[in-house]
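# Observations on chain architecture
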Amino acid sequence: MLRLLLILNFLFFASLATAQDKLPWNESRRLIWNDFQSKAIPGNSQAAATTFCGISYLLNSPTKKFTAGQVKIESFFVPSKSWVHNDHKTDFVLMHEQSHFDIAELFARRFRKLISDKTMDAKMLQNYYTRIYDDYKNYQQDYETATSHGRIRDKQLEYTEKINAEIEQLSDFKT
């Protein structure tokens, strides 16, 4: 029993550390290379860097039905899971990685917009999240393909501008 309690305590504190390791997206704070803190760089990876980012939501409602005001939606970056090869620390690679994080914010805003006028239950919210998250993953993959992982300079600049414009168009849905 004590062993189980210790394991549960460990899992609880491990999850707290993970939650504390998230940087929320902020329009006035761009990523810097010091944010990429993981030392676990895959030996077989040909990537210059990896940005671990995503979208999460937190529901705070005592009732079965609720509105968007009771849902906190966040885009985040996880430093401990993001890495860079030291010989690839360039401004251009950092712009590519920042755009991954910006895509997460773009889809957080799309999610906020999608639910903004809805009364829903938890299952509906999860369905909306799944739809947005699937679109988010596809957009990330399209971005990687179109820019050849940031190697096609013109496409990279074009995508960065496109992402920023789309974020701006959804300014009513920023936090």
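Quick look at the structure, then. Counting of residues starts from 1 at the beginning of each chain's written sequence and follows it residue by residue. With pLDDT at 70 or above as the cut-off, local features in this predicted model cover only qualifying residues; side-chain atom pairs require 80 or more to be listed or tallied, and sums for whole chains, interfaces and linings still use all residues. Water and hydrogen atoms were dropped before computing side-chain values, which therefore reflect all heavy atoms in the structure.

## Some remarks on the nonpolar core
Our working rule: Nonpolar cores were defined as sets of buried Ala, Val, Leu, Ile, Met, Phe, Trp, Tyr and Cys residues, with membership established by side-chain atoms within 4.5 Å. Only protein chains enter the accessibility calculation, which uses a 1.4 Å probe; a residue whose area is less than 20% of its type maximum is buried, one above 50% is exposed, and one in between is partly exposed. Secondary structure follows DSSP: runs of H or I at least 4 residues long count as helices, runs of E at least 2 residues long count as strands, and numbering of each begins at the N terminus. Only heavy atoms matter for contacts: two residues are in contact if any of them lie within 4.5 Å across the pair.
Core analysis: the largest hydrophobic core is formed by 36 residues, its most contacted members being Ile55, Phe107, Phe111 and Ile115. Of all the elements in the fold, those that place two or more residues in this core are strand 3 (53-59), strand 5 (71-77), helix 2 (91-115), helix 3 (122-147) and helix 4 (153-169). The biggest single contributor to this core is helix 2, with ten residues. Dropping the residues within four chain positions of it, isoleucine 115 is found in contact with Ala68, Val71, Ile73, Met120, Leu125 and Tyr128.

## Some remarks on the side chain of serine 82
Rules: Pairing of N or O atoms within 3.5 Å defines a polar contact, subject to two protein rules: one partner must be a possible hydrogen donor and the other a possible acceptor, and residues neighboring in sequence count only if both atoms are side-chain atoms.
Examined against the element boundaries, serine 82 turns out to sit in the loop between strand 5 and strand 6 (83-84). A residue is classified by how much of its surface remains accessible, and serine 82, at 0% relative accessible area, is buried. A distance of 2.9 Å separates a polar atom in the side chain of serine 82 from the backbone nitrogen of phenylalanine 52. Of the polar contacts made by the side chain of serine 82, one reaches the backbone oxygen of valine 78; its length is 2.8 Å. When neighbours within four sequence positions are excluded, serine 82 is seen to be in contact with Phe36, Gln37, Ser38, Thr50, Thr51, Phe52 and Phe77.

## Some thoughts on the packing of aromatic side chains
Worth spelling out the cut-off: Pairing of aromatic rings covers Phe, Tyr and the six-membered ring of Trp, with a centre-to-centre limit of 6.5 Å; geometry is then stacked below 30 degrees between planes, edge-to-face above 60, and tilted otherwise. As a reminder, the over-ring test applies to NZ of lysine and CZ of arginine, requiring each to be within 6 Å of the ring centre and within 35 degrees of the ring normal.
Taken as a whole and assessed by the stated rule, the structure comprises twelve aromatic pairs. Between the aromatic rings of phenylalanine 107 and tyrosine 136, the centroid separation amounts to 5.9 Å while the plane-to-plane angle is 65°, which identifies the pairing as edge-to-face. Residue phenylalanine 107 is located in helix 2, and its partner tyrosine 136 is located in helix 3; the two are separated by 29 residues in the primary sequence. Judged by relative accessible area, which is 1%, phenylalanine 107 ranks as buried. Here the guanidinium or amino end of lysine 81 rests over the ring plane of phenylalanine 52, the centre of that ring lying 5.8 Å away. Arginine 110 extends its terminal NZ or CZ atom over the ring of phenylalanine 107, reaching a point 4.4 Å from the ring centre.

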